[in-house]
Amino acid sequence: MGQLYGTVTPEIVEKLKSIVGEKNIIFEDKAKLQEYGMDTLSLITGIVAEPEVAVKPESTAQVSAIMKLASSHKIPVTARGAGTGLAGSAIPTSRGIVLSLEKMNKILEVDTVDRVAVVEAGVITKDLCRKVEEYGLMYAGYPMSTESSFIGGNVATNAGGAKVIKYGNTRKHILGLEVVLANGEILQLGGRYRKSTWGYDLMETIIGSEGTLAIVTRVIVNLIPGGGKILDLIVPFPDTETVVQAVSKMIVEGNIFPVAVEFMDKLCLTMSAKHHEITLPFTDREDVEAYLIIQLHGNTQEELEAIYEKAGELCLENGALDVFAAESRRDSENIWKVREEYGPGLRLLGKQVYNNPGDVIVPFAKVPEMMRELRKLGEKYNTTIAVVAHIADGNFHTLYVKPDEVPPEQWIDYAKKVYEEMTEIALRLGGVGSGEHGIGLLKKDIFLKSKSPIEIEIMHGIKKAFDPDGILNPGKII
Ligand SMILES: Cc1cc2nc3c(=O)[nH]c(=O)nc-3n(C[C@H](O)[C@H](O)[C@H](O)COP(=O)(O)OP(=O)(O)OC[C@H]3O[C@@H](n4cnc5c(N)ncnc54)[C@H](O)[C@@H]3O)c2cc1C
């Protein structure tokens, strides 16, 4: 937007201290400030931007006072959750203030009549899940970073994950938000109801806005009945096209809606298992090219068994080579460890690996074409492209292996070129450049190129309406 921003002077630090207390300020401690200037993208690319000051408010009133101060001096403010984001959206590239929600971590209420929980934005997602389980209820938002990311971060990135196929992404689970605007004003949006036709929906606009429109301080989440029985399967396939057919038949013909349908190619699954020293079935079969990890749910053991039988049959009738059902909690934990922590596995190849933080999504019917295009892309750039996917959503995660001829210092830029081309392919196939990781720094250029001038103008209008001086997370999204 080209504004000139104010800087954080010692006087401003004194004022911040009077708002949050000295213990909740980090100033002039370079090492600590750097920790607040990075997210997961930094670990992959090395991009870090040290804020001038980091503050850790303990209440909405304190957030409001910080924003009033920042807006009166036009100081940039970047909200920060757990810093697990993969797109660099929590990196404060305009420096200024990092506003960490880490101390606003209370689960305020679980209401079993309205079936909602009210939580502060800094609650770790898994803590919320565990708490509501005590009441026989379930919070169905489930990014794979659930053990570390915050619910406010999930809202700000509209996080997805393995269970989107059954339950939807974070947006589907949010009923209300308390937010603080750039000028410090506090808004209550939505509430304890599940539908409304009540004008423009500001809450929906803020979900997924990566801290560029408002600071989320409190969240009302939808809860659904918990319980029932779960079964995890590993299903090997001879090729990726057969996988798609089997998934489609299972859902449409079988009327089975699995909790999760995760794809791992042979390289990813076998290397991840090796890295974790976990023995999984079918890893030594030569005729296997790809695996599905399927999680099924039934309200009772009998229902689950019936669903399993049908799902297994449909997989086998549609090209699966075998079906393995986890027999113990240990089996299930092993399967999910291999899936969730697949990143380090490929390092066993002894080459540099770019664990691509950018995801792409295509319509489900285009998944085979996307797979073929990825193979061609790998050949073009002489890189092995390993694929893990939330396949029923058409959502791809990839890793690239450095070719010997690319010098190490050029590798990240090289990998980014591969990623950009992959995004262009996804766009051409009718998808978008991110199903869940967001735009942040990583995808801003390609995002803007993919949108029409009128869409961008409307988005600028929205940004201006929420944040006229552009102080909230400058440089991200638009
Ligand atoms: C191992 C691993 C697995 C992952 N798996 C998934 C996955 O399955 N699905 C998925 O979607 N993502 C996944 N991610 C990415 C990441 O965990 C999510 O994007 C998550 O929602 C980020 O939450 P956070 O609290 O860490 O936010 P941060 O990284 O701190 O911030 C992310 C963005 O949200 C903004 N923000 C944070 N809190 C607030 C707030 N209270 N108000 C306003 N803006 C705010 C920040 O400014 C920033 O723009 C994964 C990451 C890792 C490291």
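Look above for the structure.
Remember, it's a predicted structure, so these values are computed and weren't measured experimentally. Residue positions are given per chain, counting from 1 as you read along its sequence in written order. Local features in this predicted model are restricted to residues of pLDDT 70 or higher, and side-chain atom pairs are both shown and tallied only at a pLDDT of 80 or more, whereas totals for entire chains, interfaces and linings draw on every residue. Computation of side-chain values: all heavy atoms of the structure, hydrogens and water removed.

J.: Is there a simple way to explain the pattern of salt bridges in this structure?
T.: Side chains carrying opposite charge are able to pair once their charged atoms draw close together. Every case where a carboxyl oxygen of Asp or Glu lies within 4 Å of a side-chain nitrogen of Lys or Arg is listed as a salt bridge. Enumeration according to the criterion identifies 28 salt bridges in this entry. Here Glu 22 ties to Lys 17 by a salt bridge, and the two come within 3.7 Å at their closest N and O atoms. Among the ionic pairs, Arg 285 bridges to Asp 322, the shortest N-O distance being 3.9 Å. Remark: Asp 322 occurs in the loop between helix H11 (301-317) and strand E15 (324-325) and Arg 285 occurs in the loop between helix H10 (266-276) and strand E14 (290-298); sequence separation between them is 37 residues. When a residue's accessible area, from a 1.4 Å probe over protein chains only, is under 20% of the maximum for its type it is buried; when over 50% it is exposed; and in between it is partly exposed. You can call Arg 285 partly exposed: its relative accessible area is 26%. Several salt bridges converge on common partners, so that one network encompasses Glu 109, Asp 111, Asp 114 and Arg 192. Secondary structure elements follow DSSP: runs of H or I of four or more residues count as helices, runs of E of two or more count as strands, with numbering from the N terminus.

J.: What is the right way to read the nonpolar core from this model?
T.: Here is a general trend for soluble globular proteins: nonpolar side chains tend to be buried in one another's company. The term nonpolar core refers to a set of buried residues drawn from Ala, Val, Leu, Ile, Met, Phe, Trp, Tyr and Cys, joined through side-chain atoms within 4.5 Å. Ranked by size, the top nonpolar core spans 54 residues in total, and within it Leu 292, Met 370 and Ile 391 carry the most contacts. At eight residues, helix H14 (residues 411-428) tops the list of elements feeding residues into this core. Mapped onto the domain boundaries, this core takes at least three residues apiece from domain 3 (229-344) and domain 4 (351-450). Two residues qualify as a contact provided that any one of their heavy atoms is within 4.5 Å of a heavy atom in the partner residue. Residues in contact with Leu 292, not counting those within four places in the same chain, are Leu 233, Ile 234, Val 235, Phe 237, Val 243, Val 247, Val 261, Glu 262, Phe 263 and Ile 391. With 51 residues, the next largest nonpolar core counts Val 20, Val 63, Ile 66 and Leu 189 among its residues. An automatic or database domain assignment provides the domain bounds reported here.

J.: Can you help me understand the packing of aromatic side chains in this one?
T.: Aromatic rings considered in pairs are described by the distance between their centres and by the relative angle of their planes. Within 6.5 Å between ring centres, the rings of Phe, Tyr and Trp (the latter by its six-membered ring) count as paired, and their orientation is classed by plane angle as stacked under 30 degrees, edge-to-face over 60, tilted in between. Taken as a whole, this structure holds three aromatic pairs when the rule is applied. With 6.0 Å between their ring centres and 20 degrees between their planes, Tyr 354 and Tyr 400 make a pair best called stacked. In this pair, Tyr 354 is assigned in strand E16 (residues 353-355) and Tyr 400 in strand E19 (residues 395-401), connecting sequence segments 46 residues apart. In this pair, the class of Tyr 354 matches that of Tyr 400, namely buried.

J.: What should I look at first to understand the packing of helix H1 (residues 10-20) against helix H4 (residues 60-72) in this one?
T.: A packed helix pair is summarised by two numbers, namely the angle formed by the two axes and the spacing between the axes. At a minimum axis separation of 9 Å, H1 and H4 run at an interaxial angle of 165 degrees. The angle between H1 and H4 places the two elements in the roughly antiparallel class. Relative to H4, H1 is oriented so that their crossing is right-handed. Facing Ile 12, Lys 15, Leu 16, Ile 19 and Val 20 of H1, the residues of H4 in contact are Gln 62, Ala 65, Ile 66 and Leu 69. Only the stretch in contact is used when a helix axis is fitted, and all axes are lines through C-alpha atoms; the angle between N-to-C directions ranges over 0 to 180 degrees. Angular relationships are summarised with four words: roughly parallel below 35 degrees, roughly antiparallel beyond 145, roughly perpendicular across 65 to 115, and oblique for the angles in between. The crossing is said to be left-handed when, going from far helix to near helix, the turn is anticlockwise and less than a right angle, and right-handed when the turn is clockwise.

J.: Which parts of the structure should I look at to understand the site of the ligand?
T.: Proximity is defined per residue: any heavy atom of the residue falling within 4 Å of a molecule or strand makes that residue near it. In the vicinity of the ligand there are 34 residues, among which Ala 79, Gly 81, Thr 84, Gly 85 and Ser 145 approach most closely. Polar contact is defined as a pair of N or O atoms within 3.5 Å, subject to the rule that within protein one atom must be able to donate a hydrogen and the other to accept it, and that residues adjacent in sequence are counted only when both atoms are side-chain atoms. Contact between the ligand and Ser 145: an oxygen atom at 2.6 Å from a side-chain N or O atom of the residue. About the coverage of the ligand: the protein hides 91% of its 970 Å² of free accessible area. Where the shell around the ligand is concerned, the elements lending two or more residues are strand E3 (77-80), helix H6 (151-157) and strand E10 (215-222). Here the element with the most residues in the shell around the ligand is H6; it accounts for five residues. Counted by class, the shell around the ligand contains 14 nonpolar, 17 polar and three charged residues. The two domains that each donate at least three residues to the shell around the ligand are domain 1 (10-102) and domain 2 (107-225). Accessible surface area values rest on a Shrake-Rupley calculation with a 1.4 Å probe, where residue burial reflects the displayed protein chains alone. Put simply, Ala, Val, Leu, Ile, Met, Phe, Trp, Tyr, Cys and Pro go in the nonpolar bin, Asp, Glu, Lys and Arg in the charged bin, and everything else, Gly too, in the polar bin.

J.: Is there a simple way to think about a nonpolar patch on the surface in this case?
T.: By definition, no residue in a patch forms a salt bridge, and every one has over 30% relative accessible area; like charges are joined within 9 Å, nonpolar side chains (Val, Leu, Ile, Met, Phe, Trp, Tyr) within 5 Å. A surface patch of nonpolar side chains, amounting to about 260 Å² of accessible area, comprises Ile 454, Ile 458 and Ile 462. Examined against the element boundaries, Ile 458 turns out to sit in helix H16 (residues 453-466).

J.: For this particular structure, what's the right way to read the environment of Ala 121?
T.: Relative to the assigned elements, Ala 121 resides in the loop between strand E6 (116-120) and helix H5 (125-133). Overall, the relative accessible area of 1% leaves Ala 121 in the buried class. The sequence separation of Ala 121 and Lys 103 amounts to 18 residues, and the corresponding C-alpha distance is 9.2 Å. Contact partners of Ala 121, with chain neighbours within four places excluded, come to Leu 101, Met 104, Phe 150, Ile 151, Gly 152, Val 216, Thr 217 and Arg 218.

Function cannot be read off these values alone, since they describe shape.
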